[in-house]
Amino acid sequence: MENLDPLSSLLVFALTAASFIHSTKGTLWGLSKSSKVDGSPALSFEDDEDDPERNIANQMNNSDKNCVVFYGSQTGTAEDYAKRLAREGSSKYNLKTMVADLEVFDHRHLSSLPENSLCVFIVATYGEGDPMDNAMDFWELMTSDTPSFAGESDSAQPLQRLRYAAFGLGSKSYENYNAVVKRIDESLGQHGARHFGPVGLGDNAGGTTEEDFMAWKELMWAEVAMAMGLQETVVSYKPSLKFVEKGPSHYPSLKVYRGHIATNDISTPQRGPFNGTKPYIAIVSKSRELFNSADRNCLHVDFSPQGSNLTHTTGDHAGISPMNSIKEVDRFLNIFVPATTTWEAIARHYMDICAPVSGRFTAQLAQFAPTPKRKRELRRLGSEREYFRMQVTARCLNLAQMCHNIDSQADWSSVPASLLVEEIGALRPRYYSISSSPLLDKQQLSITAVVVSETFDGSHTLKGVATNYLLALQRKQNAEDTPTEADYAWDKIDGQPPTFHMPIHIRPSKFRLPKDATLPVIMQYTEILTPNFELIVAFSREGPSKEYVQHKLLERAQLVNELLVRNAMFYVCGDAANMAGEIKKTLGHIVAQTRTISIADGSSIVQRMRSMGQYQEDVW
Ligand SMILES: Cc1cc2nc3c(=O)[nH]c(=O)nc-3n(C[C@H](O)[C@H](O)[C@H](O)COP(=O)(O)OP(=O)(O)OC[C@H]3O[C@@H](n4cnc5c(N)ncnc54)[C@H](O)[C@@H]3O)c2cc1C
Ligand SMILES: Cc1cc2nc3c(=O)[nH]c(=O)nc-3n(C[C@H](O)[C@H](O)[C@H](O)COP(=O)(O)O)c2cc1C
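Residues numbered from 1 in each chain as written. Chains lettered and ligands numbered in written order. Predicted model: local features only at pLDDT ≥ 70, side-chain atom pairs only at ≥ 80, totals over all residues. Heavy atoms only, no water.

## Regarding unusual backbone geometry
Of the consecutive residues glycine 272 and proline 273, the connecting peptide bond is found in the cis state with omega at -5°. Counting through the fold element by element, proline 273 comes out in the loop between helix H7 (263-267) and strand S9 (280-289). In this model, asparagine 567 sits at a positive phi of 65°, which is unusual for a non-glycine residue. Mapped onto the secondary structure, asparagine 567 falls in the loop between helix H17 (557-565) and strand S19 (569-574). Asparagine 567 sits in the partly exposed class, given a relative accessible area of 47%. (Helix = DSSP H or I, 4+ residues; strand = E, 2+ residues; numbered from the N terminus. Buried < 20%, exposed > 50% of the residue type's maximum accessible area, 1.4 Å probe, protein only.)

## Re the state of the cysteines
Tallying each qualifying case throughout the model produces zero disulfides. With no disulfide of its own, cysteine 67 lies closest to cysteine 119 among cysteine sulfurs, the gap being 8.2 Å. (Disulfide = S-S within 2.5 Å.)

## Observations concerning the pairing of strand S16 (residues 501-507)
When a strand is regular, its side chains alternate between the sheet's two faces. Buried residues dominate S16, accounting for seven of its seven residues. Taking every second residue as pointing to the same face, both faces of S16 are buried, with His501, Pro503, His505 and Arg507 on one and Met502, Ile504 and Ile506 on the other. In this structure, S9 lies alongside S16, joined through four bridges in antiparallel fashion. Directly across from isoleucine 281, in S16, lies its bridge partner proline 503. Where strand S11 (residues 317-320) meets S16, four bridges bridge the pair, whose relative direction is antiparallel. Opposite alanine 318, over in S16, you have isoleucine 506 as the bridge partner. (Pairing = 2+ DSSP bridges.)

## Re the sheet that holds strand S13 (residues 445-450)
One open sheet accounts for six strands, arranged S12-S11-S16-S9-S10-S13; its pairing is antiparallel. The open sheet is flanked by strand S12 (430-433) and S13, the only strands paired with a single partner. Across the sheet, the axes of successive neighbouring strands diverge by a mean angle of 40°, strand direction being ignored. Packed onto the sheet, helix H15 (residues 465-477) meets S9, strand S10 (298-304), S12, S13 and S16 and runs at close to 70° relative to S9. (Axes fitted to C-alpha atoms, helices over the stretch in contact; angles between N-to-C directions. Contact = heavy atoms within 4.5 Å.)

## Topic: the packing of H17 against helix H18 (residues 579-594)
In the contact formed by H17 and H18, the axes pass within 9 Å of each other and the chain directions differ by 90°. Looking at the two axes, H17 sits roughly perpendicular to H18. Residues Ala557, Gln558, Val560, Asn561 and Leu564 of H17 pack against Leu587, Ile590, Val591, Gln593 and Thr594 of H18. Counted by class, the contact of H17 with H18 contains six nonpolar, four polar and no charged residues. (Parallel < 35°, antiparallel > 145°, perpendicular 65-115°, else oblique. Nonpolar A, V, L, I, M, F, W, Y, C, P; charged D, E, K, R; others polar.)

Right, dumping it as structure tokens:
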């Protein structure tokens, strides 16, 4: 790097592959764009402004509801919380609740909700403080300077009858922490709506979303109960769904749906549009290991979306719908439910059986404990936060592992199947930044993934669901003689030989190369793409001191500033928790130092670059 041309037009700052892709993100990703309403008749509508089915006041009135819980969710957390809250409102406070995707309704009718009803908003924040796709119309209405609400367009307080509560899902790793719920709360207030309890903020980065949610809803319910004159009833568990078992004679075995990858999916042409709930079953054309290390794995996986009409642009994300390993599926079935075909399919493909367990759910399980002794243990775990942290959270146990540790011999079948389905979240797709270019080959789509494997107490190892599925596939596909610890149901699918297909879909992103190809580009990445790129490497795991990409930026402060003056595009990819913030701060310092202005002014310039799209992030 000694001879670096100070005005080289393309400058690449690279981290080691290890620090480029961080493997320890707690975020579980998935796309949930299907529009849904639970607790009311199924809706189908044209995008008609006056469609009565999109009128929430009508819908609540017609279906005799007095509480609606709206969600705006990308990876499903907000949706899960909305469902939980609605169940609690119904069982504990006798409210007539419904859950609704924000996208389904025309929110101009919020002004017509009766005063004795409750409206709850549970919304996540993404990108630069943006709402999810499914909350976009609502967001535009609420942030408009001149929103028009049904029947009250002249009033300064069109939402004066609306009583609401709001909880946001976000992460302190991002600059615009919970920006969406804060803005919605502000706007609802400006239009005259009155809230119950303070707006709740869940922080995914601190791992406290569940606690934040619990604390928020306690305050919220107390105010709601007081204002609406509700009595809290102490209820034992009331299932919200009913299981009806039908024996094999009901369905010819070929008609039983066994999950995403089944013979039908692969042998018949697949029809789009493809998304997280309806992925395309793609051929995995090639997979290989990138690391040369006994204990760390990084995979490059090529998919062939040929004939699928799946298109992507550099910067988009590929969503992979994983399956759970045989080991975890068997553990779950052994502990809780009979190993029928249907349960196997549910546990393998649809339930996030490896996810963290919450103290709240553990406390709820106590009433179904197999023995009084186990009941006491579950109660203790559910009520003593530190004890729960030591026994469960710090070891990253999933539900079946926790119950197995408590008593592996006990009969846990007293836990209702409905409770398991209600409480265990859906197995969501994981997202990967596409690491191939359609300009080179339209028929190939590649991802690069670091395998998640974390050992606790020297004994229990947490295996990331999607990355270990990819690792096992890579080993099997290349017939490697080092099988992975976890095996998957490759060859159980309808008796077919092992199959190397995987359900995928594309999620477009805003992370884009500049339209003007003459602009300089500064990015941190792993490979040199053209001879014009200069690669500068920071090794965070080698040498006496840790060296990060921001140190390399600082060393070349003059050059970085010169490129910025020439309107260079600045790209940051990888870790949101630490790296993204450090780089932004460093750039602010560089701008300040090289232009002899204050650090505050330097940071404002970087901030402006962000809002103009000159500074782009693909971080998680
Ligand atoms: C926009 C975007 C782009 C991304 N791009 C890439 C990329 O290019 N390459 C890449 O490698 N990754 C990328 N990721 C991350 C990727 O989506 C996955 O999150 C990652 O691969 C881990 O998935 P997994 O299923 O293997 O692990 P998971 O099973 O989801 O586990 C992930 C983490 O969750 C926590 N966890 C899981 N189970 C438990 C438990 N029982 N108890 C306590 N904690 C638990 C742990 O901290 C664990 O490390 C991206 C993420 C996003 C959002
Ligand atoms: C790519 C990405 C961007 C994000 N941007 C923000 C953000 O700007 N502000 C914020 O508070 N949280 C942000 N988050 C955190 C999410 O809001 C958080 O993970 C939330 O729990 C997701 O909820 P959901 O599962 O309902 O979609 C972001 C997460 C990801 C993966």
